[in-house]
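# Fold and contact review
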Amino acid sequence: MSSLITAGMSEMRAIFGMSSSSRAGPSPAHASGSTSGSGSAARGSGSGGSSVWISIDPRSGELSRYPEAAARRLEQAHRNHERQVRLGGLGLGPIYETLIVDLGGSGERPVQKRVGGGKRDVRRVETPAGASEERLFSLEDAPLPPPPPPPPPAEFLSTFHAPTAEDLEERAASIAQQDIQGLVGLWEWCRDAETHNPGRLAADRWAVYSADVNNEIELAFRNGAKHAEIAVGIRSYEVLFEGASMAGKQVDKRRKKRRFVRRRAVQMEEREAALQSVESAVAAACAEDPSLADAECVICAESFADTYAMPVVRLRECGHIFHGACVQDLADRRKTCPYCRAQVNWKYVEEVQMFSASSNMDASLPDDLPPPPPPPV
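Described in the following lines is the structure provided in the data block. (Residues numbered from 1 in each chain as written. Predicted model: local features only at pLDDT ≥ 70, side-chain atom pairs only at ≥ 80, totals over all residues. Heavy atoms only, no water.)

## Comments concerning unusual backbone geometry
Quick note on the threshold: We count a stretch as a helix when DSSP gives it H or I for four or more residues in a row; a strand needs E for two or more, and each element gets its number in order from the N terminus. Only protein chains enter the calculation, and the probe is 1.4 Å; a residue is then buried if its accessible area is under 20% of its type maximum, exposed if over 50%, and partly exposed in between.
In this structure, His81 is a non-glycine residue whose phi angle is positive, near 60°. By the element assignment, His81 lies in the loop between helix H3 (68-79) and strand S4 (84-86). The phi torsion at Arg341 lies on the positive side, around 65°, for a residue other than glycine. If you trace the backbone, Arg341 turns up in the loop between helix H9 (324-332) and strand S16 (350-351). A residue is classified by how much of its surface remains accessible, and Arg341, at 57% relative accessible area, is exposed.

What follows is the structure, given as structure tokens:
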């Protein structure tokens, strides 16, 4: 913009060197070197001054005054806080019939646009009332106010309500009442990691832990702890108990991943049946494909049959299978298959259906992963 200032300096002297009673000519003539020639000025607000509306040729920096009729319309729209101003219908000639001036919003500069293409910057400058005088103005754009800073991202677990002493008392009372009724705790994790309304999810969107992990969580819960530490494959989690509720979140703080968990108070028989159902599914799958009985996750070296409550995923490109939790870090970093180094599109891993639970891959994987690059030649 600074390169246009020198080119337009003589025009600026003429445009702002006129009295408030000047009248515009019938056409948008360019400013000349005279300091008292004709011009267009609309009566402005304030102490009797005038406002001058000009446009700036983006190629040459040449300045053009708007005729008086156009300036009046622009000034009126400016005072009324209008945005789009059409300059047609003023009898100013064909070119004005195609012009629209966008006065902009907060922090935006006015722009003249022409139907069919083309635009140029527009400026409004107030001039003092009284005798004509020569004034110099810079066309250098004043810096726009910086955009408001984006809202800070929500802190990890910012809405989580840790249990208070009163919450723990209420929890203990609830457990005591359930014990009287012969109920036990069954802990389930939510398959939809990014859900905001877990209470509306269908029953099949929840999966059970293994019996050992279920017992670890339940013991901490009954002992009045605020969290329980568990291991799933090679990954460690905290199960944070929320308030006095029978629910909480399974959290990996290092990777900032979380999912809802819940505790259902059920009869002993129902809990045992739920815990056995996954093991039964594994046994059936192993009977159909005996190779699965000895298969293990190469990352944690645990047998899939022995870790029946841990969901398993298969990589489409090479067919290798792993615990979903074990391979999550590789998926986050878009690494190759840890077994054969094949390029992998982690968005399209498959669930191994020998388990009743779906993939434990955290649902925060990006949706726009590119296809894997071709293998090296």
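## What about helix H6 (residues 211-222)?
For the record, the criterion: By this rule the span expected of a helix is its residue count minus one, scaled by 1.5 Å.
Relative to the 16 Å expected for 12 residues at 1.5 Å per residue, H6 spans 16 Å between its end C-alpha atoms, a close match to the ideal helical length. Positive phi appears at Gly224, one or two residues downstream of H6, with a value of about 80°.

## Some thoughts on the pattern of salt bridges
Which entries qualify depends on this criterion: Salt bridge, as applied in this entry: a Lys or Arg side-chain nitrogen positioned within 4 Å of an Asp or Glu carboxyl oxygen.
Summed over all chains, the structure comprises 19 salt bridges. Here Glu238 ties to Lys253 by a salt bridge, and the two come within 3.4 Å at their closest N and O atoms. On the criterion of sequence distance, the pair formed by Glu238 in strand S11 (residues 235-241) and Lys253 in the loop between strand S12 (247-252) and strand S13 (257-267) is long-range, its members being 15 residues apart. The partner of Arg271 in a salt bridge is Glu272, and the shortest N-O contact between them spans 3.6 Å. Overall, the relative accessible area of 34% leaves Glu272 in the partly exposed class. Members of the salt-bridge network, linked through shared partners, are Arg83, Asp102, Glu108 and Lys113.

## Here we look at the sheet that holds S16
Let me state the cut-off plainly: Here, any two strands with at least 2 DSSP bridges between them count as paired. The contact criterion used throughout is that any non-hydrogen atoms of two residues lie within 4.5 Å. Axis lines are fitted to C-alpha atoms, over the contacting stretch for helices. Their N-to-C directions set the angle, which ranges from 0 to 180 degrees.
With antiparallel pairing, the three strands of this open sheet are ordered in space as S15-S14-S16. In the strand order of this sheet, the two ends are held by strand S15 (321-323) and S16, each with one partner. In terms of strand pairing, strand S14 (residues 312-314) meets S15 through three bridges, oriented antiparallel. In the strand pairing of S15, Val313 is matched with Phe322. In this fold H9 packs onto S14 and S15, with an angle of close to 100° to the strand it touches most, S15.

## Remarks on the sheet that holds strand S8 (residues 183-190)
In a beta sheet, neighbouring strands pair by backbone hydrogen bonds and run either parallel or antiparallel. An order of S9-S8-S13-S12-S11-S10 is seen for the six strands of this open sheet, with the pairing classed as antiparallel. In this open sheet, the two strands that pair with only one neighbour each are strand S9 (206-208) and strand S10 (227-232). Adjacent strand axes in the sheet meet at a mean angle of 35°, parallel and antiparallel pairs treated alike. Sheet analysis places S8 next to S13, joined by seven bridges and oriented antiparallel. Directly across from Leu183, in S13, lies its bridge partner Gln267.

In short, geometric facts, not functional conclusions.
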